[in-house]
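Fold and geometry: a report
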Amino acid sequence: EKMASSYLFTSGDYAVVKDKWNDVSIELYYHKGHHYNIERMMDGMKAGLSYCSENFSPYQFKQLRMMEFSQTGGSSAHGYPGSIPAGEGTGFIADIDDSPEGGNDYAFGTAVHEVAHQWWGHQVLPADVLGSKMVVESMAEYVNVRVKEKYKGLDKARSYLKENAKQYLDARVRGKRKEHPLMYAYP
């Protein structure tokens, strides 16, 4: 089996932007009016494909699609084989300040992270045991940080890591549930 068995069905009245990366057709499906960060997301998809293909193995499909879906809280995205459903909060409707002193471009970063799952979690699939999620998520985030460093600069990569550490520590202070060790992380 070449990939994990994951299935996705989605539909909508989408606007579509198409591009190419090498011989891969890239498509971004979004709700009309949610066009603010399409270029950032397309750039993130290409950067993720480039990094992972150069450092791990060639991308195994001829297409890669990202599709927006509506979301009522938070943000969510998932990397299915050749397709990435992404909640509108992952960057489609965001107001991103990517100036040198501004915040992190999470529309770009989410695209990179989810593209990395085309390798980590699909081509390389750990056993379905406690701790498996740590492997695939850590590798996808590693790719995200390395690509951020390459395309956005070392300062942006460090700022992103610092921001994530702050969010984690803030959540621990407010958390009501006991935190489990990473080896027990499970999907």
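Residues numbered from 1 in each chain as written. Predicted model: local features only at pLDDT ≥ 70, side-chain atom pairs only at ≥ 80, totals over all residues. Heavy atoms only, no water.

As a further point, take the pairing of strand β3 (residues 63-69). In terms of strand pairing, strand β2 (residues 24-31) meets β3 through 5 bridges, oriented parallel. Counted as the bridge partner of Ser 25 is Gln 63 from β3. Bridging between β3 and strand β4 (residues 83-87) involves 5 bridges; their strand directions are parallel. Pairing of Phe 69 across the sheet is with Gly 87, part of β4. (Pairing = 2+ DSSP bridges. Helix = DSSP H or I, 4+ residues; strand = E, 2+ residues; numbered from the N terminus.)

Its identity as a non-glycine residue notwithstanding, Asn 22 has a phi of 50°, on the positive side. Locating Asn 22 in the fold gives a position in the loop between β1 (14-21) and β2. Looking at Asn 22, the relative accessible area reads 59%, which means it is exposed. (Buried < 20%, exposed > 50% of the residue type's maximum accessible area, 1.4 Å probe, protein only.)

On the secondary structure map, Glu 68 appears in strand β3. This buried residue, Glu 68, is left without a salt bridge; Lys 32 holds the nearest opposite charge, at 11 Å. In this structure the side chain of Glu 68 is engaged in a polar contact, spanning 2.6 Å, whose partner is the backbone nitrogen of His 31. In contact with Glu 68, other than residues within four places in its own chain, are Tyr 14, Tyr 29, Tyr 30, His 31, His 34, Ala 86, Glu 88, Phe 92 and Ile 93. (Lys, Arg positive; Asp, Glu negative; His and termini not counted. Salt bridge = Lys/Arg side-chain N within 4 Å of Asp/Glu carboxyl O. Polar contact = N/O pair within 3.5 Å; in protein donor to acceptor, adjacent residues only side chain to side chain. Contact = heavy atoms within 4.5 Å.)

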